[in-house]
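# Observations on chain architecture
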Amino acid sequence: MQDENISLHRFAVLLACCTAFLIFVGGLVTSTQSGLSVPDWPTTYGWNMFTFPFSKWVGGIFYEHSHRLVASTVGFLTVVLTIWMWIKEQRRWVRWLTTAALGTVIMQGIFGGLTVIFLLPAWISTVHACLAQTFFCLVIALAVVTSPQWKHGLPLMKSRAESIPVQTLCAMTTAAVYIQLIMGALMRHTNAGLAIPDFPLALGHIIPPFTSNKVIIHFAHRVGAVVVTCLIVWTFSRIARSYSDYPLLFRPALTMLVLVCVQLSLGAITVWTAKAVFPTTAHVLTGALVLGTSFLLTLRAYAMTGAHISEAVPAWK
Amino acid sequence: MQKRTLFLCASFLVVALVAGCGGGGSTESPIPPAAGGGAPAGGGAAFDMSKATATVSGKISFDGMPPANDKVQMSSDPYCQMHAADYPTAETVKVSDGGVENVIVYVSSGLPAGTSYGTPSNAVEIVQQNCHYIPHVFTIMTNQTLNVKNGDMTLHNIHVWAEKNPQFNVGQPVKDMVSPTKFATPEVPVPIRCDVHKWMGAFVGVFDNPFNTVSGSGGKFELKLPPGTYEITAWHEKFGKKTAMITVADNDKKETNFTYNANDKAAD
């Protein structure tokens, strides 16, 4: 019988938690406009980033430099996880998935450096934000597939006659959340966050006059919020109605519903407070958590509907 | 087994490479890119400034009660916090004797085309002192050297948000270090910010001619111009632009005034 490698799973969970924290810290950098507080990379005012004196962590440097250190820690943990996987994990595809995560976090670091070197061009900053979410999903996937539950086999659900199968619905929701996150990143990095300074109306209307690109981007994000909310409510309703006996699905679905309510509130507060630092950054983090929960739900839904490839563990070649 | 070993070695190599980046506690900071060559503005022989015999002076007034400036919070840097009492508010609106200071006044049209004006050999200096830029508003000619100096015992990061000239963002971790730069293209205004200390801000007007100034105490200004008809523009960071036409002859002394009020607003 294969060793459960519970420590490996727990390490993957730890990495996922650290990644969520990193997303929050990264959000703080943008919310406090500290992205260029450290003008050089990978050094910090000429110092090796790991030896930069604490006494000089002043003003915006505190946020940007902290972000770099936390990012380096996440990168290091990813390297450790990758090595550990290649030593202990028997499933080849899991090893390569971990390697893909390592490649993603390296690319993420490079994009982070490029944002500084090229003085925060919107497209690089947006890619940097989206890669963060992608990496977060990869790490969540690793945590899920290394879990004892997954390895022992998730319970198979009876197939139901549905116009849209539940696993497809979950996947659609995840895709919608990801697109919404891209729109949010684009809005933040083109300074369109307050292009529509009122809520719930938009420039005093339900549909605002599209007087600038920033208004269009901002409004698209609000429309996306409506779409995402509808999909999440639909997904939760489906699971609550037909799959409430399966806590592996019901709990993340309920969590997702709660999170999206929090997210909508934070979005409104962000506008009402003219992008106060804490609610704005919490909005970024909650968006990532919505994505992560939706992605986890999708993985389980596919596994439990028998729509995934068999988990027979091949012998190491 | 060989594949595993190879992979492990590659992983360690990546880690070592990343950890090794960067030198020791270097105090050097990259000089921002020179924004252009050293040729004087315009073409042909330089304009003879002795021909600028007319004097245009005036006052920039404020009608009504000027708005209060935002309070400044410097607690994010203990060094700056020590000097917080010197600058309790932002310097956005500075009114003295009913006049608005820190207004860039310049000739926006009327100068003969193709005239060359020599680039001054002296450098203009902006100093980061007690976590503020001194001066707050200034003018400079194209290709004239601007020396950015850190006069504080703390880190500063001067970020020039030019649009027509290349932007630059330079860290200055050491007191008394100077980073020189130049602007090749006329641009008004060019905002200057410190990415470390959010309350710090300054503005520079870059011109290809010497006919510009910044209003001083009491909102007063003076320009020396050659004979001609000109559009004079006054620009303020909060209240925006005002213009006036004026015609001067040799040795004329004329006055032109501008008035701002609380409803005036700079364009986004």
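Residues numbered from 1 in each chain as written. Chains lettered and ligands numbered in written order. Predicted model: local features only at pLDDT ≥ 70, side-chain atom pairs only at ≥ 80, totals over all residues.

### Describing the overall build of chain A
- Scanning chain A for helices and strands turns up 9 helices and 0 strands.
- A compact globule built from 317 residues should have a C-alpha radius of gyration of about 20 Å, and chain A, at 21 Å, falls within 12% of that.
- If one aligns the C-alpha atoms of chain A with their principal axes, the spans along those axes are about 55 × 50 × 25 Å.
- Contacts in chain A between residues at least 24 apart in sequence constitute 75% of all its contacts with a sequence separation of at least 6. (Helix = DSSP H or I, 4+ residues; strand = E, 2+ residues; numbered from the N terminus. Rg over C-alpha atoms; globule rule 2.2 N^0.38 Å. Contact = placed C-beta atoms within 7 Å.)

### Notes on the nonpolar core
- Counting residues in hydrophobic clusters, the biggest one holds 68 residues, and the most contacted among them are Ala12, Phe136, Val139, Ile140, Ala141, Leu142 and Met256 of chain A.
- When residues of this core are traced back to their parent elements, those giving at least two are α1 (6-31), α2 (60-88), α3 (92-117), α4 (122-145), α6 (166-189), α7 (213-242), α8 (247-272) and α9 (277-304) of chain A.
- Looking at this core, the element that brings in the most residues is α4 of chain A, giving 13 residues.
- Contact partners of leucine 142 of chain A, with chain neighbours within four places excluded, come to Ala12, Leu97, Thr98 and Ala101 of chain A.
- Among the nonpolar cores identified, the runner-up in size contains 61 residues, and Val38 of chain A together with Val56, Cys80 and Leu146 of chain B belong to it. (Core = buried A, V, L, I, M, F, W, Y, C linked by C-beta atoms within 7 Å. Buried ≥ 20, exposed ≤ 12 C-beta atoms within 10 Å, placed from the backbone.)

### Observations concerning the sheet that holds strand β16 (residues 228-236) of chain B
Residues and elements named next belong to chain B.
- The strand order across the open sheet built from 4 strands is β14-β4-β16-β17, with neighbouring strands paired in antiparallel fashion. The sheet is open, and its two edges are formed by β14 (212-214) and β17 (240-248), each paired on a single side. The mean angle between the axes of side-by-side strands here comes to 30°, regardless of whether they run parallel or antiparallel. (Pairing = 2+ DSSP bridges. Axes fitted to C-alpha atoms, helices over the stretch in contact; angles between N-to-C directions.)

### What about the domain arrangement of chain A?
Residues and elements named next belong to chain A.
- Looking at the assigned domains, one finds that chain A contains domain 1 (1-152) and domain 2 (156-317).
- Facing 24 residues of domain 1, the contacting portion of domain 2 comprises 24 residues.
- Here the element with the most residues in the side of domain 1 that touches domain 2 is α4; it accounts for 11 residues. (Domains from an automatic or database assignment.)

### Quick notes on the packing of α7 of chain A against α8 of chain A
Residue and element names in this part refer to chain A.
- Interhelical geometry of α7 versus α8 gives an angle of 155° and a closest axis separation of 9 Å. In terms of orientation, α7 and α8 fall into the roughly antiparallel class. As α7 packs across α8, the resulting crossing turns out to be left-handed. Here Ala225, Val228, Thr229, Ile232, Thr235, Phe236, Ile239 and Ala240 of α7 come into contact with α8, specifically with Leu249, Phe250, Ala253, Leu254, Met256, Leu257, Val260, Leu264 and Gly267. (Parallel < 35°, antiparallel > 145°, perpendicular 65-115°, else oblique. Left-handed = near helix turned anticlockwise from the far one by under 90°.)

### A look at unusual backbone geometry
- The linkage connecting phenylalanine 199 of chain A with the following residue, proline 200 of chain A, adopts the cis geometry, with an omega of 5°.
- Mapped onto the elements of the fold, proline 200 of chain A is located in the loop between α6 and α7.
- Residues valine 188 of chain B and proline 189 of chain B are joined by a peptide bond in cis, for which omega reads -5°.
- Locating proline 189 of chain B in the fold gives a position in strand β12 (residues 187-194).
- Backbone geometry at aspartate 97 of chain B places phi at a positive 50°, although glycine is not the residue there.
- With respect to the element layout, aspartate 97 of chain B can be found in the loop between β2 (95-96) and β3 (99-100).
- For aspartate 97 of chain B, a count of 11 C-beta atoms within 10 Å gives the class exposed.
- Here asparagine 143 of chain B, not a glycine, exhibits a phi torsion of approximately 65°, which is positive.

### With respect to the environment of tryptophan 84 of chain A
All names here are of chain A.
- With respect to the element layout, tryptophan 84 can be found in helix α2.
- Separated by 73 residues in the primary sequence, tryptophan 84 and phenylalanine 11 place their C-alpha atoms 9.7 Å from one another.
- Beyond its immediate chain neighbours, meaning those up to four positions away, tryptophan 84 contacts Leu8 and Phe11.

### Examining α9 of chain A
- In this model α9 of chain A runs 41 Å from its N-terminal to its C-terminal C-alpha over 28 residues, within 8% of the 40 Å that 1.5 Å per residue would give.
- With its phi angle positive at about 70°, glycine 306 of chain A sits one or two positions after the end of α9 of chain A. (Expected span 1.5 Å × (residues − 1).)

### Points about the pairing of strand β4 (residues 104-109) of chain B
Residue and element names in this part refer to chain B.
- Two strands pair when backbone bridges link them, and β4 and β14 are joined in this way by 3 bridges, in the antiparallel orientation. When the bridges of β14 are listed, isoleucine 104 appears paired with valine 214.
- Pairing of β4 with β16 involves 5 bridges; the strand directions are antiparallel. For valine 105, the partnering residue across the bridge sits in β16 and is alanine 234.

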